[in-house]
Amino acid sequence: MNYDPIFDKWHEECGVFGVFDRTVDVARYVYWGLFALQHRGQESAGIAITDGNEVALKKGMGLLTEAIKELPTLKSHMGTGHVRYSTTGSNNPRNIQPLVIHYQGGQIAVAHNGNLTNALGIRRQLEADGSIFQTTMDSEVIVNLIARSKADTQEERIADAARQIEGAFSLVITTNDSLVGVRDPQGFRPLCLGKTEHGYVLSSESCAFDAIKAEFIRDIDPGEMVIIDDRGVRSTIYAEPQKIDKKLCVFEYIYFARSDSKIDGQSVYETRLNMGRELYNETKYDADIVMSIPDSGTTAALGYARASGIPFAEGLIKNRYSGRTFIKPNQEERELAVRMKLNAMPEVVGGKRIVLIDDSIVRGTTSGLIVKMLKEAGAKEIYMCVSSPAIEYSCHYGIDTSVRKELIAATHTIEEIRDYIKADKLHYLSREGLCRAVSGVPEADLCFACFNGDYRVDVPTEQEEGVKYVLE
């Protein structure tokens, strides 16, 4: 799963990227695009390119630079790429995307960002009908549905499959003659369209367009499928109208997306600055310095500092070369790991009343360790501010969170959480403040399920939470 036990963070599970261009080195363009999306997945990476007849695939475990040491060399004009954190399915080489299949209708390479909520039932039915699965990913359900579709064209087969799956999915697919992008009817996960000088690009985030000097055109709409080929870009709404109900994950703005991206027209950076301003408006704390837990709270901390006039300071220095840990450590090992990644500066925090900004608290383990570290370095008081409401419910739309009982806000009051992490004050941004911060996107178009349990697409029952749909 994609929970970081050291930093007590959720992680976005995947980034997808695709290119259609007959004038460039497609493999290199996909590589550069994935590099810009590395924050969305650090467990594995893959690139599939095609000339319409053959497919060349390179993939591996680890960061992009570790996973792909040599680019595929096939002369091609289409390609798709994927960087991954595991959600449904284990952190296993078999589960590296893109998934490439050859079937009666041709060949496809599929990159999937999201999590299907009805994958278990579909997979069981497919297996009962004789389908064979090679991975433990819900994404493989999609390729099986495409292969079994009776539709006439590959694009129609993809649309047919998309109408059968539920939950979160942004897909980038190469067929024999086109690059296809698909976004689920709720638009839980982002997907956008860009243009190169002689072709087109699909990406999870707009920041990746800058890496290849592509021009942002627009976001793909919920329930929309775009087909890119030598004729240009065509669009169709594949979803039934009554099922389209936009609900973009608000955590894209709070934490997941890169700050220099725009999602559904809203600047992520400006949104996070606004969150900091809203936190100040709700707290009006009198303090000596404003700090962040780097890097996820930094932009909101800048917003708080600007609104309050309290100086922003770097009192925690992050070791950017310590890598990511996937083990679940005991308390002593967790504290050592946090101290390896973060170091408090006594000359900055000593004797200070500190407003400390972070984007979220999942289990509370790391927040308490950081508060302890700062007080050991001489901090006088810690006023913890969180730039999101309290997380009380599991996410089933691509974040694959802990079971609900492991979320500290699901079982403790804010005062109990404050006491647990040993902060002097604790404040979560209100739902109203969050909506004001994301002012460019209507509140009705955002998903807040992890805060209020309002799931707009059926999810597993409480008893099924945290259970993988196949044996690992």
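Residues numbered from 1 in each chain as written. Predicted model: local features only at pLDDT ≥ 70, side-chain atom pairs only at ≥ 80, totals over all residues. Heavy atoms only, no water.

1. Remarks on the overall build of the chain
Part 1 of the reasoning: Regarding its fold elements, the chain presents 16 helices and 25 strands.
Part 2 of the reasoning: Sorting the 472 residues of the chain into buried and exposed places 61% on the buried side.
Part 3 of the reasoning: When contacts within the chain are restricted to residue pairs at least 6 apart in sequence, those whose partners lie at least 24 apart make up 71%.
Part 4 of the reasoning: With an accessible surface of roughly 18,500 Å², the chain has 48% of that area assigned to carbon and sulfur atoms. (Helix = DSSP H or I, 4+ residues; strand = E, 2+ residues; numbered from the N terminus. Buried < 20%, exposed > 50% of the residue type's maximum accessible area, 1.4 Å probe, protein only. Contact = heavy atoms within 4.5 Å. Areas by Shrake-Rupley, 256 points an atom, 1.4 Å probe, with all protein chains shown as cover.)

2. Considerations on the pattern of salt bridges
Part 1 of the reasoning: Enumeration over the complete set of coordinates arrives at 25 salt bridges.
Part 2 of the reasoning: We note a salt bridge from Arg123 to Glu127, for which the minimum N-O separation is 3.4 Å. Placement of the pair is Arg123 and Glu127 together in helix H3 (residues 119–128), with a separation of four residues, close to one helical turn.
Part 3 of the reasoning: Judged by relative accessible area, Arg123 falls into the buried class, the value being 6%.
Part 4 of the reasoning: Residue Arg353 pairs with Asp286 through a salt bridge whose shortest N-O separation is 3.4 Å. (Salt bridge = Lys/Arg side-chain N within 4 Å of Asp/Glu carboxyl O.)

3. Comments concerning the pairing of strand S8 (residues 106–116)
Part 1 of the reasoning: In terms of burial, S8 is largely enclosed, as eleven of its eleven residues are buried.
Part 2 of the reasoning: Taken together, the five bridges between strand S7 (residues 99–103) and S8 define a ladder with antiparallel strand orientation. Within the sheet, the bridge partner assigned to Leu99 lies in S8 and is Val110.
Part 3 of the reasoning: If you look at the hairpin formed by S7 and S8, you'll find two residues sitting between the two strands.
Part 4 of the reasoning: Looking at chain direction, S8 and strand S9 (residues 167–174) are connected through eight bridges and run antiparallel. Across the sheet, residue Ala111 finds its bridge partner in S9, namely Val172. (Pairing = 2+ DSSP bridges.)

4. Points about the confidence of the model for the chain
Part 1 of the reasoning: Per-residue confidence for the chain gives a mean pLDDT of 90, with 90% of residues at or over 70.
Part 2 of the reasoning: Under a pLDDT of 50 for its full length, residues 462–472 has, in the predicted model, 23 contacts with residues more than four places off or in other chains. (pLDDT = per-residue confidence, 0-100.)

5. Overview of the sheet that holds strand S23 (residues 381–386)
Part 1 of the reasoning: With respect to topology, four strands assemble into an open sheet ordered S19-S22-S23-S24, the strand pairing being parallel. Strands with a single pairing partner mark the edges of an open sheet, and in this sheet they are strand S19 (289–292) and strand S24 (425–428). Looking at each pair of strands side by side, their axes are set apart by 20 degrees on average, direction ignored.
Part 2 of the reasoning: As paired strands, strand S22 (residues 353–358) and S23 are joined by six bridges and run parallel to one another. (Axes fitted to C-alpha atoms, helices over the stretch in contact; angles between N-to-C directions.)

6. Quick look at the nonpolar core
Part 1 of the reasoning: Phe251, Tyr253, Tyr304, Val355, Ile357, Leu434 and Phe451 are the most contacted members of the largest nonpolar core, which has 39 residues in total.
Part 2 of the reasoning: Going through the elements one at a time, strand S16 (248–249), helix H7 (251–256), helix H8 (268–283), helix H9 (298–308), S22, S23, helix H15 (431–437) and helix H16 (449–452) are the ones with two or more residues in this core.
Part 3 of the reasoning: Examining the composition of this core, we find that five residues originate from one element, H7, more than from any other.
Part 4 of the reasoning: Of all hydrophobic cores here, the second largest spans 31 residues; its members include Ile289, Val338, Val349 and Val386. (Core = buried A, V, L, I, M, F, W, Y, C linked by side-chain atoms within 4.5 Å.)

7. Brief notes about the sheet that holds strand S13 (residues 215–219)
Part 1 of the reasoning: Judged by pairing direction, the sheet is antiparallel, and its seven strands sit side by side in the order S5-S4-S6-S3-S12-S11-S13 without closing on themselves. At either margin of the open sheet sits one strand with a lone partner, and together these are strand S5 (55–61) and S13. On average, adjacent strands in this sheet sit at an angle of 15 degrees to one another, irrespective of strand direction.
Part 2 of the reasoning: For strand S11 (residues 192–195) and strand S12 (residues 200–203), the ladder comprises four bridges, and the chain directions are antiparallel. Across the sheet, the residue bridging to Cys192 is Ser203, located in S12.

8. Focus: the environment of Ile165
Part 1 of the reasoning: By the element assignment, Ile165 lies in the loop between helix H5 (154–164) and S9.
Part 2 of the reasoning: Sequence spacing of Ile165 and Val141 is 24 residues, and the spatial spacing of their C-alpha atoms is 8.7 Å.

9. Overview of the packing of H3 against helix H4 (residues 139–148)
Part 1 of the reasoning: Running from N to C, H3 and H4 cross one another at 50 degrees; their axes reach a closest spacing of 10 Å. Comparing their axes, H4 and H3 come out oblique. For the pair H3 and H4, the crossing hand works out as left-handed. Mapping the contact onto sequence places Ala119, Ile122, Arg123 and Leu126 in H3 and Val141, Asn144, Leu145 and Arg148 in H4.
Part 2 of the reasoning: Of the residues in the contact of H3 with H4, the class split is five nonpolar, one polar and two charged. (Parallel < 35°, antiparallel > 145°, perpendicular 65-115°, else oblique. Left-handed = near helix turned anticlockwise from the far one by under 90°. Nonpolar A, V, L, I, M, F, W, Y, C, P; charged D, E, K, R; others polar.)

10. Considering the packing of aromatic side chains
Part 1 of the reasoning: Counting across every chain of the model gives nine aromatic pairs.
Part 2 of the reasoning: Judged by centre distance (5.8 Å) and plane angle (40 degrees), the rings of Tyr29 and Trp32 are tilted. With Tyr29 and Trp32 both in helix H1 (residues 26–36) and three residues apart, the pair spans about one turn of that helix.
Part 3 of the reasoning: Note on Tyr280 and Tyr304: the rings are 5.4 Å apart at their centroids and 85 degrees apart in plane angle, and the pair reads as edge-to-face. Residue Tyr280 is found in helix H8, and its partner Tyr304 is found in helix H9; the two are separated by 24 residues along the sequence.
Part 4 of the reasoning: Owing to a relative accessible area of 17%, Tyr280 belongs among the buried residues under this scheme.
Part 5 of the reasoning: For Tyr304, a relative accessible area of 0% gives the class buried.
Part 6 of the reasoning: Three or more aromatic residues joined by ring pairs make a cluster, and in this case those are Phe251, Tyr255, Phe256 and Phe451.
Part 7 of the reasoning: Above the plane of the ring of Phe448 lies Arg431, whose end atom (NZ or CZ) is 3.8 Å from the centre. (Phe/Tyr/Trp six-rings, centres within 6.5 Å; stacked < 30°, edge-to-face > 60°. Lys NZ or Arg CZ within 6 Å of the ring centre and 35° of its normal.)

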